[in-house]
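Working through the structure, step by step
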Amino acid sequence: MWSQARRGRRESYLFFQREFKLSPGFNEAAFWINACNEYQLYFNGRLVGVGVPYCSEEITYLERYDVSACVEAGANVIAVVVRDVNRPQYKCGSMKGGVWCQLDVDDAPLVWSGEEWSMADDLYFNGNQPQRGLGEDYCERVNLNSYPYGWDEPGGLQKEIWAAPTRVVDMGEYSSRVSASFLTPLTAEESAEPQGYV
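Residues numbered from 1 in each chain as written. Predicted model: local features only at pLDDT ≥ 70, side-chain atom pairs only at ≥ 80, totals over all residues. Heavy atoms only, no water.

A few words now on unusual backbone geometry. Despite not being glycine, N44 has its phi angle at roughly 50 degrees, a positive value. Relative to the helices and strands, N44 is located in the loop between β3 (38-43) and β4 (46-51). Even without a glycine there, the phi angle at D106 is positive, about 50 degrees. Along the polypeptide, D106 turns up in the loop between β7 (98-105) and β8 (108-112). On the basis of relative accessibility, which here comes to 35%, the residue D106 falls in the partly exposed class. (Helix = DSSP H or I, 4+ residues; strand = E, 2+ residues; numbered from the N terminus. Buried < 20%, exposed > 50% of the residue type's maximum accessible area, 1.4 Å probe, protein only.)

Bringing the confidence of the model for the protein into the picture now. Residues with a pLDDT of 70 or more make up 69% of the protein, whose mean pLDDT is 78. Looking across the protein, the model is least confident in helix α1 (residues 188-192), with a mean pLDDT of 55, and most confident in β8, with 95. This model gives residues 90-94 a pLDDT under 50, and the stretch forms 20 contacts once residues within four places in sequence are excluded. Counted against residues more than four places away or in other chains, residues 194-198, with its pLDDT under 50, gives zero contacts. (pLDDT = per-residue confidence, 0-100. Contact = heavy atoms within 4.5 Å.)

Inspection of every chain in the model, using the stated rule, returns six aromatic pairs. An angle of 75 degrees between the planes, with centres 4.9 Å apart, marks the rings of F15 and W151 as edge-to-face. One end of the pair, F15, is in strand β1 (residues 11-22); the other, W151, is in the loop between β9 (118-120) and β10 (177-180), and 136 residues separate them in sequence. Geometrically, the ring pair formed by Y39 and Y65 is edge-to-face, given 6.4 Å between the ring centres and 90 degrees between the ring planes. Linking Y39 in strand β3 with Y65 in strand β5 (residues 59-66), this pair joins segments that are 26 residues apart in sequence. The exposure class of Y65 is buried, given its relative accessible area of 2%. Members of the aromatic cluster, each reached through a chain of ring pairs, are F15, Y42, W151 and W162. (Phe/Tyr/Trp six-rings, centres within 6.5 Å; stacked < 30°, edge-to-face > 60°.)

This is the structure we're talking about:
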């Protein structure tokens, strides 16, 4: 899923959010995701992980998160910020920006990417920022005065700035093979650990 208007832009940030209800008595919840190029994943306001999942014209790897401790019976929210950089060294083969995801509860699909999600444009990230260096990433600049605080929590959706994704395609339209990633994705707990020298 993605924004049709944002396809092919040099750099785009899009916010995706999906509220859902979960019945009591579940044992395990797993979330699968792939986004071109980068993502930040939140459940109920908690940062779960970040990623730059590998994909090419031949294969697309899905990253798996155990989110059992992040969901609860009743109302829940999945929130994803996706950044797409439309330059050859950042691209997933010839694919344009997009995100695919699915929540499995007790090994059965419960929520997946589609028109039921809400999407907000990248009004909070200032575009056309300089690169840090030749062949390096762009600088990121966020407008915190207009950032939609609480968008990643139950009941925090500001309806006036959200709409359904304008581009939703079936995974079968892509020629690449889909597979579980052989690498463990970076979780919020791992990224928060202090790094030092021994």
